[in-house]
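Here is how the chains run, residue by residue.
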Amino acid sequence: MTLQTLKAKIRSGEIDTVVVAFPDVFGRLVGKRFTGRFFLEHVAGHGTHSCSYLLTANIEMDPQDGFQLANWEKGYGDFEMRPDFSTVRLLPWQPAEALVLCDYLHHDGKLVEEAPRSVLRRQIAALARRQLDCYTASELEFFLFAEGYHEAFAAEYRNLTPSSDYRIDYHTLQPARDEFTLRAVRNWMTEARVPVESSKGEWGRGQHEVNFVYAEPLPMADMHVVFKQGIKEIAAQHVKSVTFMAKPWAAEVGSSCHIHISLWRAGKNLFGEAVKRGTGNAEHGSGSKLFRRFLGGLMKYSPELCLFFAPTINSYKRFRSGSWAPTKMAWSHDNRTVGFRVVGRGDSFRIENRMPGADANPYLAFAAMIAAGMAGIEEQLDCGSDYRGNAYVDPKLRALPRSLREAADLLDRSKLARRAFGNPVIDFYVHTARLEVQACNDAVTDWERIRYFERI
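### Re the overall build of the chain
Helices and strands together make up the secondary structure of the chain, namely twelve helices and 15 strands. In summary, the chain has a C-alpha radius of gyration of 22 Å against a globular reference of 23 Å for 456 residues, a match within 12%. Relative to its 456 residues, the chain shows a buried fraction of 56%. Here the contacts in the chain between residues at least 6 apart in sequence split such that 71% fall between residues at least 24 apart.

### Observations regarding unusual backbone geometry
Excluding glycine, residues mostly carry a negative phi; peptide bonds, for their part, are mostly trans. Non-glycine residue Ala 266 carries a positive phi angle of around 55°. Of note, Ala 266 is situated in the loop between strand E11 (257–265) and strand E12 (268–269). What makes Ala 266 exposed here is its relative accessible area of 78%. The phi dihedral of Trp 324 falls on the positive side, at around 75°, and the residue is not glycine. With a relative accessible area of 39%, Trp 324 lands in the partly exposed category.

### Considering the layout of surface pockets
As a volume, the second largest pocket reaches approximately 650 Å³. Residue lining of the second largest pocket: 37 residues in total, with Glu 139, Asn 211, His 260, Arg 341 and Glu 352 positioned closest to the centre. Of all elements in the fold, only strand E7 (133–145), strand E8 (196–201), strand E9 (207–212), E11, strand E14 (340–343) and strand E15 (350–353) reach the threshold of two or more residues within the lining of the second largest pocket. The leading source of residues in the lining of the second largest pocket is E7, at six residues. Tallied by class, residues from the lining of the second largest pocket come to 13 nonpolar, ten polar and 14 charged.

### Thoughts on helix H8 (residues 362–378)
Compared with the 24 Å implied by 1.5 Å per residue over 17 residues, the 24 Å span of H8 between its first and last C-alpha is a close match. Counting buried residues along H8, 16 of its 17 residues qualify, which places the element largely inside the surrounding structure. Backbone nitrogen of Tyr 363 and a side-chain oxygen of the N-cap are separated by 3.2 Å at the start of H8; the cap is Asn 361. At the exit of H8 stands Gln 380, carrying a positive phi of roughly 55°.

### Concerning the side chain of Lys 9
Among the secondary structure elements, Lys 9 is positioned in helix H1 (residues 3–12). The residues contacting Lys 9, other than those within four sequence positions of it, are Met 1, Glu 14, Ile 15 and Leu 90.

### Overview of the packing of aromatic side chains
Summed over all chains, the structure comprises 24 aromatic pairs. Between Phe 67 and Phe 428, the aromatic rings sit 5.1 Å apart at their centres with planes inclined by 50°, giving tilted as the arrangement. Remark: Phe 428 occurs in helix H11 (residues 423–442) and Phe 67 occurs in the loop between strand E3 (48–51) and strand E4 (78–83); sequence separation between them is 361 residues. Of the two residues, Phe 67 and Phe 428, both sit in the buried class. Both rings, one in Phe 291 and one in Trp 331, keep their centres 6.3 Å apart while their planes meet at 85°; by these two values the pair is edge-to-face. Of this pair, Phe 291 sits in helix H7 (residues 289–301) while Trp 331 sits in strand E13 (residues 331–333), and the two are 40 residues apart along the sequence. Each member of the pair, Phe 291 as well as Trp 331, is classed as buried. If you follow Arg 167 out to its NZ or CZ, it ends over the ring of Trp 203, 3.7 Å from the centre. One residue, Lys 200, lies across the ring of Tyr 170, its end atom 4.0 Å from the ring centre.

### Some points on the confidence of the model for the chain
Of the residues in the chain, 97% reach a pLDDT of 70 or more, and the chain-wide mean stands at 94. Low confidence marks residues 275–284, where pLDDT is under 50. Its contacts with residues over four positions away, or in another chain, come to 13 contacts.

### A short note on empty space enclosed by the protein
Tallying each qualifying case throughout the model produces one cavity of 30 Å³ or more. Its boundaries defined by the atoms lining it, the largest cavity holds a volume of some 80 Å³. If you trace the largest cavity, you find it lined by Val 19, Leu 29, Arg 33, Leu 91, Trp 93, Glu 97, Leu 99, Val 226, Gln 229, Gly 230 and Glu 233. For the lining of the largest cavity, the secondary structure elements donating two or more residues are strand E2 (29–35), strand E6 (97–105) and helix H6 (217–237). A per-element tally of the lining of the largest cavity places H6 first, with four residues. Of the residues in the lining of the largest cavity, the class split is six nonpolar, two polar and three charged.

### Comments concerning H6
An α-helix turns once per 3.6 residues; consequently, residues spaced three or four apart project the same way. When the terminal C-alpha atoms of H6 are compared, their 30 Å separation across 21 residues agrees well with the 30 Å that a helix rising 1.5 Å per residue should span. Where burial is concerned, most of H6 is hidden: 16 out of the 21 residues are buried. Just downstream of H6, Val 239 is the residue with a positive phi angle, here 55°.

### Describing the pairing of E8
Consecutive side chains along a regular strand alternate between the two faces of the sheet. As paired strands, E8 and E9 are joined by five bridges and run antiparallel to one another. Bridged to Ser 198 within E9 is Asn 211. Hairpin connection of E8 to E9: five residues between the antiparallel strands, including Gly 206 at a positive phi of 80°.

### Here's the deal with the environment of Ala 330
Examined against the element boundaries, Ala 330 turns out to sit in the loop between H7 and E13. Taking the C-alpha atoms as reference points, Ala 330 and Tyr 157, 173 residues apart in sequence, are found 36 Å from one another. With sequence-adjacent residues up to four places away left out, Ala 330 is seen in contact with Met 299, Val 338, Gly 339, Phe 340, Tyr 387 and Leu 397.

### Let's talk about the packing of helix H3 (residues 116–129) against H8
Between two packed helices, what matters for the description is the angle formed by their axes and the separation of those axes. H8 packs onto H3 with a crossing angle of 30° between their chain directions and a minimal axis gap of 8 Å. Relative to H8, the element H3 lies roughly parallel. For the crossing formed where H3 meets H8, the hand is left-handed. Contacts between H3 and H8 involve Pro 116, Arg 117, Val 119, Leu 120, Gln 123 and Leu 127 from the former and Tyr 363, Leu 364, Phe 366, Ala 367, Ile 370, Ala 371 and Met 374 from the latter. Here the residues of the contact of H3 with H8 sort into eleven nonpolar, one polar and one charged.

The rules behind the values
- Residues numbered from 1 in each chain as written.
- Predicted model: local features only at pLDDT ≥ 70, side-chain atom pairs only at ≥ 80, totals over all residues.
- Heavy atoms only, no water.
- Helix = DSSP H or I, 4+ residues; strand = E, 2+ residues; numbered from the N terminus.
- Rg over C-alpha atoms; globule rule 2.2 N^0.38 Å.
- Buried < 20%, exposed > 50% of the residue type's maximum accessible area, 1.4 Å probe, protein only.
- Contact = heavy atoms within 4.5 Å.
- 1 Å grid on protein atoms, 1.4 Å probe; cavity = no way out; pocket = protein on both sides within 12 Å on 5 of 7 lines; lining within 4 Å.
- Points joined across faces, edges and corners; volume = space filled by probe spheres on them.
- Nonpolar A, V, L, I, M, F, W, Y, C, P; charged D, E, K, R; others polar.
- Expected span 1.5 Å × (residues − 1).
- Polar contact = N/O pair within 3.5 Å; in protein donor to acceptor, adjacent residues only side chain to side chain.
- Phe/Tyr/Trp six-rings, centres within 6.5 Å; stacked < 30°, edge-to-face > 60°.
- Lys NZ or Arg CZ within 6 Å of the ring centre and 35° of its normal.
- pLDDT = per-residue confidence, 0-100.
- Pairing = 2+ DSSP bridges.
- Axes fitted to C-alpha atoms, helices over the stretch in contact; angles between N-to-C directions.
- Parallel < 35°, antiparallel > 145°, perpendicular 65-115°, else oblique.
- Left-handed = near helix turned anticlockwise from the far one by under 90°.

What follows is the structure, given as structure tokens:
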């Protein structure tokens, strides 16, 4: 939907509310709802403002200390929310409502570098300087429960009822019970310019997966965050709830966000060109030299960029042997024990990153993949031979970070990250992660009470 179409729908009364929002560091949409008329008269031409603390608050919305970007000493002033009218879309699950996403700007009109959308824009610009296009696609997994969000909150998220009674990977019987919700999700998302290819049952009880039609990184990230908010709103309307936690329960499988990526130029997939025999370590049919260098960069740098794939304390509990989530750095053709799976042929030839969980912020995850891959191209790295076997049990392979603390330390020391993203951005996200680690360390958990209350 164009801005002109939006204006016409507001003037006709078909739309009376416009959500103006931007993605925060957690990938949540934060912003304001405007009446349609006020949006046309005041916001469409000039944008709006919001408090600068929105990027530096924790997930509970508490202002956090130690940030240069926004703090009490600076008085927590405003940043500008400037609408990106290429993102205008109807929200068919809400009556008479539209959404426009924004970039976050300083008063001088410069992008706030630390904002997730700005981080991704910087990497897209680096690709453009080399006349490269990029296409990405998310695969999002989530758990669906029979309780609504209020009921789940009141129960402290204990003893919730999964929407299926047993594991439903590729099943069509039990997922049919959820069709009232999932059919609405598939159809309404497509109407909201979030084209869904398919939904399916996943390995866990009550777990589902949705695949999107591939797109360029910024539109794909926008679709990703719209989907996450939209499905929560739809589930709530059906008195159900979904979670995108990476690992909701210790005894259950985690939820992934597999990310597919390829580089293009002039309408041609540059990854799929065959390499002649005898060229370095490459073999015929193993992909182009550009592909091998891009994947080589991912192999080398993904551990130190892992914070952008696994951004929470909970993220690292998903990385378990035999869990369908990777634990080691390896790549292979169609092997689900490795971190990078190479799939497709011809124009669909692409890399699947299996490291990110469903809790990943797509703007940051896409940006990290582009930065690592482009470093591999610049350094003329090679990805080596594809891995054969069970990567979970191979002690020779490099392991992924085991905690958010370790990931933050790796990112802090990463020369590639500081070169690609800039010191202010890396300092910002390292500090954000360390504050989350401290909050976890300060908490007293159910596990501790059960273990120590009587017996210590």
